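# What the coordinates show
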Amino acid sequence: MQTLTILGSTGSIGVSTLDVMARHPDKFSVFALAGHSQVDKLAEQCHQFQSRYAVVADEQRAQALRPLLGSLKTEILFGEQALIDVATASEVTGVMCAIVGAAGLPSALAAAQSGKTIYLANKETLVVSGSLFMETARQHGAKVLPIDSEHNAIFQVLPQNYSGSLKKHGINAIILTASGGSFLHTDLADLPHITPAQAVKHPNWSMGQKISVDSSTMMNKGLELIEAHWLFNCPPEQLEVVIHPQSIIHSMVRYADGSVLAQMGLPDMRTPIAYCLGLPERIDSGVGALDFSKIAALTFQEPDFARYPCLKLAYDAMYAGGSAPCVLNAANEVAVAAFLRGQIRFTDIARVVEHSLAKHVSGSLNSIDDLLALDKQIRAEAEQFSGSLKSLQNTKL
Ligand code: NDP
Ligand code: MG
């Protein structure tokens, strides 16, 4: 029996995780559920899973949650330290890290320091602190299992005894597939007028707002390149991206003998979640069978940097290394939030990220405190630049 903490339980990945767990009550029990603002949803989850702890953002939400729990014995906690406490408690065997953004970093790192099995959905952790996080996990014997569908696919088709050396295992490249998002065929001239409502609608996947916007700019694939670089110790030049609009092949590994191994399935995050939760067994995820008679074609094309400047910026940050990915991520989080608020245009997201990267001199950062300080500084600068873009637009109008 595994005892799990779900960080980000009220989000898209959190809900899919609980759906898989509910199918196997003999295998999994819930220790803690952590949401942030959605108190009603969290209360429902606590009732269903009889969670020992529930974590919310602040005291006000903790007070709002109390009456919703009725006679449940669930203890309510709030704030950032509470996320760390429920991720590191001795009863916990595994932690689903499914908070969105760099906000998920301290708790994921704490879980690594405690040697937990980490189900890692929060890709921003690896983008911001890849070296530190992987080294911490190694030192403390924490297993890091990739939930992100591409990385999960790669994990499934790598040799079982993969040691972190592509060369040793006769691997020439890791190929990430990308859907291309909602605007693969949109006229480039129309991109500045994309609305938040259009950008959060993904053609194949149902996901949270931030990652849906990231998919449409392909920043998501950029973040995933950096994620793959750290997870699989893959040199940047051996990472490839190909657009595959049907999202059936979730990623591939190219071997030296000419073989390419791919993992396929319907686009539903319960498959990678079930794969990681069930290891070493394959368990039911609730995902339907892939029916090849219904798939007209599997197609592939090169990504175009004119359409997806964020992907180019992420490549640049990955090659620059050091603190550049942390800058890329912080600026992107600010820009996506500003776009969702209607403050900047869709095409301004790349401008904000480019501006932050251009201003920053990349260096090496060795501690979580250094990384969080840089993250904070870049956010402040990116907010200011986003504000100036808004006033520029207003002047033009
Ligand atoms: P959602 O926006 O759906 O959910 C985010 C979760 O994090 C919610 O539970 C939210 O709580 C909580 N949260 C938000 N801000 C904070 C904060 N500051 N502190 C603590 N908790 C917070 O996101 P997704 O589930 O889509 O994504 C989660 C992570 O998984 C992301 O890193 C994403 O890149 C990654 N991922 C997601 C995939 C998907 O299919 N959705 C696929 C691959 C990776 P509340 O809602 O209660 O406010
Ligand atoms: Mg992905």
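Quick caveat: nothing in here was measured; it's all calculated off a predicted structure.

Right, let's talk about the overall build of the protein chain for a bit. Of regular secondary structure, the protein chain possesses 15 helices and eleven strands. Here the C-alpha atoms of the protein chain give a radius of gyration of 21 Å, agreeing with the 21 Å that 2.2 N^0.38 yields for 397 residues. Summarising its shape, the C-alpha atoms of the protein chain cover approximately 55 × 55 × 45 Å along the three principal directions. When each of the 397 residues of the protein chain is scored for burial, the buried share is 54%. If you take every contact in the protein chain between residues at least 6 apart in sequence, the share linking residues at least 24 apart comes to 68%. Of note, the protein chain has its 30 positive side-chain charges centred 1 Å away from the centre of its 37 negative side-chain charges.

Surveying the vicinity of ligand 1 reveals 24 residues, the closest of which are Thr10, Ser37, Gln38, Glu124 and Gly208. In this structure, an oxygen atom belonging to ligand 1 sits 3.0 Å away from a main-chain N or O atom of Gly11. At 2.9 Å, a backbone N or O of His36 approaches an oxygen atom of ligand 1. Out of a free accessible area of 900 Å², ligand 1 has 86% covered by protein chains. Secondary-structure elements contributing two or more residues to the shell around ligand 1 are helix H1 (12-22) and helix H6 (123-140). Split by residue class, the shell around ligand 1 holds ten nonpolar, eleven polar and three charged. Inspection of the shell around ligand 1 shows a minimum of three residues originating in each of domain 1 (2-146) and domain 2 (155-396).

Let's shift gears to the nonpolar core. Within the largest apolar cluster, 91 residues are counted, with the highest numbers of intra-cluster contacts made by Leu7, Phe133, Phe232, Leu328 and Ile349. Taken domain by domain, this core gets at least three of its residues from each of domain 1 (2-146) and domain 2 (155-396). Other than its neighbours up to four places away in sequence, Phe232 contacts His151, Ile154, Phe155, Leu158, Tyr162, Gly164, Leu166 and Ile174. In this structure, Val20, Ala62, Ile273 and Ile283 belong to the second largest nonpolar core, which totals 35 residues.

A few words on the domain arrangement of the protein chain. Domain annotation of the protein chain identifies domain 1 (2-146) and domain 2 (155-396). Taking the mean C-alpha position of each, domain 1 and domain 2 sit 23 Å from one another. Taken together, the 34 residues of domain 1 in the interface contact 36 residues of domain 2. Summed over both sides, the interface of domain 1 with domain 2 buries roughly 2900 Å², with 74% coming from carbon and sulfur. Taken as a group, Lys123, Val127 and Pro146 account for 23% of the area that domain 1 buries against domain 2, more than any other trio of residues on that side. At the junction of domain 1 with domain 2, the criterion picks out four salt bridges.

What follows concerns the sheet that holds strand E1 (residues 2-7). Taken together, the seven strands give an open sheet; going across it, the order is E4-E3-E2-E1-E5-E6-E7, and neighbouring strands pair in parallel fashion. Here the strands that pair on one side only, and so sit at the sheet edges, are strand E4 (75-78) and strand E7 (144-146). The mean inter-strand angle of the sheet, taken between neighbouring strand axes irrespective of direction, is 25°. Taken together, the three bridges between strand E6 (residues 117-120) and E7 define a ladder with parallel strand orientation. Note that in E7 the partner of Leu120 across the bridge is Pro146.

For the rest of this paragraph, the subject is helix H13 (residues 324-340). With 17 residues, H13 extends 24 Å from end C-alpha to end C-alpha; this agrees with the ideal 24 Å at 1.5 Å per step. With 15 of 17 residues buried, H13 is to be regarded as a mostly interior element. Backbone geometry just downstream of H13 places Gly342 in the positive-phi region, at approximately 80°.

With seven of nine residues buried, helix H5 (residues 105-113) lies mostly within the body of the structure. For H5, the set of buried residues is Leu105, Ser107, Ala108, Leu109, Ala110, Ala111 and Ala112. In the segment just after H5, Gly115 is the residue with positive phi, at about 70°.

The tally for this structure, following the rule as stated, stands at five aromatic pairs. Measuring from ring centre to ring centre gives 5.2 Å for Phe31 and Tyr53, while their planes differ by 45°; the resulting arrangement is tilted. In this pair, Phe31 sits in strand E2 (residues 28-34) while Tyr53 sits in strand E3 (residues 53-56), placing the two residues 22 residues apart along the sequence. By relative accessible area, Tyr53 is classed as buried at 17%. Taken together, the ring pairs connect Phe183, Phe339 and Phe346 into an aromatic cluster.

The rules behind the values
Numbers given to residues run from 1 along each chain, matching the order in which its sequence is written. The naming scheme follows written order: chains are lettered A onward, ligands numbered 1 onward. This being a predicted model, a pLDDT of at least 70 is required before a residue's local features are given, and a value of 80 or more before pairs of side-chain atoms are given or counted; all residues contribute to the totals for chains, interfaces and linings. Excluding hydrogens and water, the side-chain values take into account all heavy atoms of the structure. Secondary structure elements follow DSSP: runs of H or I no shorter than four residues count as helices, runs of E no shorter than two count as strands, and numbering proceeds from the N terminus. C-alpha atoms define the radius of gyration in this analysis, and the globule rule sets the expected value at 2.2 Å times the number of residues to the power 0.38. Whether a residue is buried, partly exposed or exposed follows from its accessible area with a 1.4 Å probe, protein chains only, as a fraction of its type maximum: under 20%, in between, or over 50%, in that order. Note on contacts: a residue pair is in contact if any heavy atoms of the two residues lie within 4.5 Å. Positive: Lys, Arg. Negative: Asp, Glu. His and the chain ends are not part of the count. The atom standing in for a charge is NZ when the residue is Lys, CZ when it is Arg, CG when it is Asp and CD when it is Glu. For this purpose, a residue is taken to be near a molecule or strand whenever a single non-hydrogen atom of the residue falls within 4 Å of it. Distance and chemistry together define a polar contact, namely a pair of N or O atoms within 3.5 Å, with one atom able to donate a hydrogen and the other to accept it when in protein, and with adjacent residues in sequence counting only for side-chain atoms on both sides. Method for areas: the Shrake-Rupley scheme with a 1.4 Å probe, in which residue coverage is limited to the protein chains shown. For this scheme, ten residues count as nonpolar: Ala, Val, Leu, Ile, Met, Phe, Trp, Tyr, Cys and Pro. Four count as charged, namely Asp, Glu, Lys and Arg, and the remainder, Gly too, count as polar. For the domains described, the bounds stem from an automatic or database domain assignment. The set of buried Ala, Val, Leu, Ile, Met, Phe, Trp, Tyr and Cys residues whose side-chain atoms join them within 4.5 Å is what this entry labels a nonpolar core. Put simply, buried area is the surface a 1.4 Å probe can reach on two separate parts but cannot reach once they are joined, added for both. The term salt bridge refers to a side-chain nitrogen of Lys or Arg lying within 4 Å of a carboxyl oxygen of Asp or Glu. When DSSP locates at least two bridges between a pair of strands, those strands are taken to pair. In this description, a line fitted to the C-alpha atoms serves as the axis of each element, helices being fitted only across the stretch in contact, and the angle between N-to-C directions of two axes falls anywhere from 0 to 180 degrees. Expected span of a helix: the number of residues minus one, times 1.5 Å. Put simply, two rings from Phe, Tyr or Trp (the six-membered ring, in Trp's case) pair if the centres are within 6.5 Å, and we call them stacked under 30 degrees between planes, edge-to-face over 60, tilted for the rest.

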